[in-house]
Amino acid sequence: MEAGVQAASQQARADRGAGLSGTLVASLVVAVVCAVPVVYLFAVILDEPSLAWEIIWRADTLQLFLRSFALALAVGATATAIAVPLAWLTSRSDLPWRRGWTVLSVLPLVIPSYIGAYLFVSALGPRGELQSLLGVDKIPSIYGFAGAWIVLSLFTFPLVLLPVRAAMKRLDPNLEDAASGMGRSQAEIARTVILPQLIPAIGAGALLVSLYALADFGAVSILRFDSFTRVIYQSYRGSFDRTGAAALAGVLVVVMLILLLVESRVRRSRSYHRVGPGSIRPTRTVALGRWRLPALAFCALVTLFSVLLPVGMLIYWSAQSVAGATNWQQVITAAANSILLATLTAALAALCALPVAWLGARAPGRFSRVVDTLTTTGYALPGIVVALAIVFVGIRLVPFLYQTLPMTVIAMVIVCLPLAITATRAAVLQLPPRLEEAARGSGRSPLGVLATIGIPLTRAGILAGAALVFVAAIKELPIVVLLSPIEFSTLPLVIWQESTRAFFESGAIPALVLLLVTAPGVWLLVGRER
Amino acid sequence: MSDAATIGGVTSVAEKVAACSIGGAGERAEIVRVEGLRKHFDDVRAVGDVDLTLHAGEIAALLGPSGCGKTTLLRLVAGFERPDAGTVEVAGNLVASAEGFTPPERRSVAMVFQDYALFPHMTVEQNVGYALGRRPDRERVAKVMRLVGLDGLGDRRPDELSGGQQQRVALARALAPTPSVVLLDEPFSGLDASMREQVRGEVREILRAAGVAAILVTHDQEEALSFADTVAVMNAGQIEQFGTPEEIYGRPANHWVASFLGEIDVLPGKASGGRATCLLGEAAVDGSLEGPVDVLIRPESISTSQDGGGQDGIVVERVYFGHDQLVTLELEGGVRVHSRNLGFPACHPGDRLKVSLTGPVTALPSPPAQA
């Protein structure tokens, strides 16, 4: 019997016959293209190993490292401090308007960090709104560490909130009942029973936010905080110091890879499974009593700074801009270019995802794991590093493609591909392999089967993946900053350029358009929690 | 080569009967020929050195417990698996060997899957026409639909049909391109027991009407015996016995086949001159046997009576099935045998009855060492 089961599962693996070799080759090509830039980055470093070595061991670099790490830690801690109470209040207390707060607490995630930074600077920075309201000449600078810390915390805390809230909802009230039946106080129960069950979710969320802070380019560059990403960019742009930029990028890649490894460990050990039969009763809600008002004030404050103020500022500046002299030509061109770029990226990514997803679903194994890992590099590593690496490839290996639209699209695909692969693979897994075999048995070639059975039946997943890629690509900043063709302006580029130059009005309409285009997509991706 | 399938359609009943017996099948065209076929999955042997031949118009069953390799054998014939060794011929073409491998779409075989594998995004008509290429011959589709009794259902989607109707769509899709052989992978296991027998009969009739050769994979003994002309009993990747249903049930080649196909009692006996004697009496057996043998007796071959001749037996257990009953009897010396007879007269534990041998038996040489 056991042999039969084993044979059947191996059969499922060995099944595919001739169709598989094409899939293998195609996914290998995709994987190699995805992995080339990062590998090539190290080739650039090795061009001048002594110089690179010297840069890496400079005192500046150590400071840079500590500075970036401090930011990552501060953002992780602050986001957790905001998210955990908010998660508890919206999932387990009798907080008034709980459903409303639930939605509002996830909303900051739809605002890309560079738009958040832009709005923050435009409100509180020099020549910003606060200054003109107060009518003073000088206000304390919000540029630097403080600004980056506050902005990144405000717009990333939902990344902690979502897993923690989900974990809180999964808690089994029977465990708490059992503990109180053993004579433990509420505080003891919270410490010994509840918290240990939440730690994995909190840890994973905090780590994710820290990684985000370390990888972010848009916000830190607008807020002029010299973290790794900004210094890498400046050393490339400022002096065209290739080896310097490459060496620093290499250091960041190594740091990120170590952290990503830790993150995947944490995630894998994440859930404590409930032992025992029966379904979970819904968790009880805790009466807040006299803590109601402070709790409401906390929620309101978080919402004010993470949603209301940014959106308010955006509307304010948009109105100013419309009343003044909006450069409509610029906005329309940038929007058209953005949509063109994102559409091409989505289409190419959907196409490239097909073989990889098919391989992962139909022939899981060591080879497909390698392909998966390679295709994820561009997505997992900081955008500015990937962009820089692709620049090197562009300049040295394919100069005829450098700063052309096809090259930009390929770079975008490298950065967004896993979104398409995940969605497509989920759809392929839903498709019974017997259908494809029945089609083969009916006299159709592997490609014919793909066209008549495979794609029609996985269309929803392919389209969903393409939509996710579209949303990610249209707001992607580092790639367009480093790679887009000269004179090819896109919405993120306009926002970023105008706000780094403190021309707040000019960035407003592009930011509003971008938010309107991306918000529904981001919301569908992360906000579906009910 | 698709003509090979239709040849069977015009053969007479007598020829079909001839095809059932392996010996008389010599002059009929071979549709499937499997030789020395072997397939391993990592360390597990799924199919080991199997030979099998199927003739035009013949329906064969691969019968065996789950994990015995019968589905793998079917998939090797279909081309969904590559053999490690051995050859497969379909309609005279070598489709799998050490030299080459023909993919399933160019094999002239059609498969009916356990879960039917109907395409959910196509209508019944599109499903049936799928195997006929991009512009299916509508007349052919209509003809096949009529053959399986699906007239008027062409515009439906598979999910709007009953299990039995879905089964027939799958069959029509398989038959549409006039394949040389139809392969059926446990096609009746998805149906509930009340419908299974009826659908089985219908499918058999449709296959007969189409005159196409077929291989049925099943773990259900009754299904294999009632559906097929020939049965290959498989165990652990090998064919234990190949023969007509009567042969494998009535004259099992070994103890394993005997007990896999149903209740059987094994009594020690002695054979000489074509007859064997055991506790229950004497019966005709294979003349080549001499000396100590195991006499294998099906419950149908053992009769009981109130006052006839035979051994004395005491009823120790009785299981009632409605149309028949299975009675466990204890003979002198504590030997237990089973008798299957019509549900009357009812008997009860403790009843004393006369037990006698009234049907055919099989004798096998006694296993040399009994542990």
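Scoring rules and cut-offs
Residues numbered from 1 in each chain as written. Chains lettered and ligands numbered in written order. Predicted model: local features only at pLDDT ≥ 70, side-chain atom pairs only at ≥ 80, totals over all residues. Helix = DSSP H or I, 4+ residues; strand = E, 2+ residues; numbered from the N terminus. Buried ≥ 20, exposed ≤ 12 C-beta atoms within 10 Å, placed from the backbone. Contact = placed C-beta atoms within 7 Å. Pairing = 2+ DSSP bridges. Axes fitted to C-alpha atoms, helices over the stretch in contact; angles between N-to-C directions. Core = buried A, V, L, I, M, F, W, Y, C linked by C-beta atoms within 7 Å. Domains from an automatic or database assignment. Nonpolar A, V, L, I, M, F, W, Y, C, P; charged D, E, K, R; others polar. pLDDT = per-residue confidence, 0-100. Expected span 1.5 Å × (residues − 1).

Enquirer: Hey, could you run me through the overall build of chain A in this one?
Expert: Within chain A, the secondary structure is distributed over 24 helices and 0 strands. With respect to the principal axes defined by its C-alpha atoms, chain A has extents near 80 × 75 × 50 Å. A buried classification covers 48% of the 530 residues belonging to chain A. Across chain A, contacts joining residues at least 24 apart in sequence account for 84% of those joining residues at least 6 apart.

Enquirer: Help me understand the pairing of strand β3 (residues 59–63) of chain B in this model?
Expert: Regular strands show a simple pattern: their side chains alternate between the two faces of the sheet. Residue and element names in this part refer to chain B. Across the 5 residues that make up β3, a large majority, 5, are buried. Of the two faces of β3, the one lined by Ile59, Ala61 and Leu63 and the one lined by Ala60 and Leu62 are each fully buried. Pairing between β3 and strand β8 (residues 213–218): 5 bridges, direction parallel. Paired with Ala61 across the two strands is Leu216, which belongs to β8. With 4 bridges connecting them, β3 and strand β9 (residues 230–235) associate as parallel partners. When the bridges of β9 are listed, Leu63 appears paired with Val233.

Enquirer: In this structure, what is going on with the sheet that holds strand β5 (residues 93–96) of chain B? I would like to understand it.
Expert: Think of a sheet as strands paired side by side through backbone hydrogen bonds, with each pair either parallel or antiparallel. Residue and element names in this part refer to chain B. Pairing within the open sheet is antiparallel, and its 4 strands lie in the order β2-β1-β4-β5. Looking at strand neighbours, the two that pair on one side only are β2 (44–55) and β5, the edges of this open sheet. Recorded for the sheet is a direction-independent mean angle of 25° between the axes of neighbouring strands.

Enquirer: What exactly am I supposed to notice about the nonpolar core here?
Expert: In a soluble, globular protein the nonpolar side chains are often hidden away together inside. Ranked by internal contacts, the top residues of the largest apolar core, which has 160 residues, are Ile232, Ala349, Leu388, Ala420 and Val469 of chain A. Grouped together as the second largest cluster of nonpolar side chains are 109 residues, Val449 of chain A together with Val203, Val217 and Val285 of chain B included.

Enquirer: Can you walk me through the domain arrangement of chain B in this structure?
Expert: Residues and elements named next belong to chain B. Domain boundaries assigned for chain B yield domain 1 (3–108 + 179–256) and domain 2 (264–365). Taken over C-alpha atoms, the centre of domain 1 sits 34 Å from the centre of domain 2. Between domain 1 and domain 2, the residue contacts involve 5 residues of the former and 4 residues of the latter. For the side of domain 1 that touches domain 2, the residue count by class is 1 nonpolar, 3 polar and 1 charged.

Enquirer: Quick question: what am I supposed to make of the environment of Ala350 of chain A here?
Expert: If you trace the backbone, Ala350 of chain A turns up in helix α16 (residues 328–362). Excluding anything up to four places from it in sequence, Ala350 of chain A contacts Ala420, Ile462, Gly465 and Ala466 of chain A.

Enquirer: What exactly am I supposed to notice about the confidence of the model for chain B here?
Expert: In low-pLDDT segments, the atomic positions of the prediction should not be examined closely. Summing up the model confidence of chain B, the mean pLDDT is 86 and the portion of residues at 70 or higher is 92%. Every residue in residues 1–26 of chain B is under pLDDT 50, and counting partners more than four places away or in other chains gives 48 contacts.

Enquirer: Sorry if this is basic, but what is going on with the pairing of strand β6 (residues 109–112) of chain B here?
Expert: Residues and elements named next belong to chain B. Alternating positions in β6 separate into two faces, Val109 and Met111 on one and Ala110 and Val112 on the other, with burial throughout. As paired strands, β6 and strand β7 (residues 181–185) are joined by 4 bridges and run parallel to one another. Each residue of the ladder has a partner; that of Met111, found in β7, is Leu183.

Enquirer: Help me out: how do you make sense of unusual backbone geometry in this one?
Expert: Negative phi values dominate among residues other than glycine, just as trans dominates among peptide bonds. Despite not being glycine, Arg224 of chain A shows a phi value in the positive range, around 55°. The topology assignment puts Arg224 of chain A in the loop between α12 (218–222) and α13 (228–239). Although it is not a glycine, Tyr116 of chain B adopts a positive phi angle of roughly 70°. Structurally, Tyr116 of chain B can be placed in the loop between β6 and α4 (124–129). Classification of Tyr116 of chain B by C-beta neighbours within 10 Å gives buried; the count is 22.

Enquirer: Whenever I open this one, helix α6 (residues 163–175) of chain B confuses me. Can you help?
Expert: Because each turn of an α-helix spans 3.6 residues, side chains separated by three or four positions in sequence point in the same direction. Residues and elements named next belong to chain B. Over its 13 residues, α6 extends 18 Å from the first C-alpha to the last, a length consistent with the 18 Å expected when each residue adds 1.5 Å. Counting buried positions over the 13 residues of α6 gives 10, a clear majority of the element. Buried residues of α6: Gln166, Gln167, Arg168, Val169, Ala170, Leu171, Ala172, Arg173, Ala174 and Leu175, and no others.

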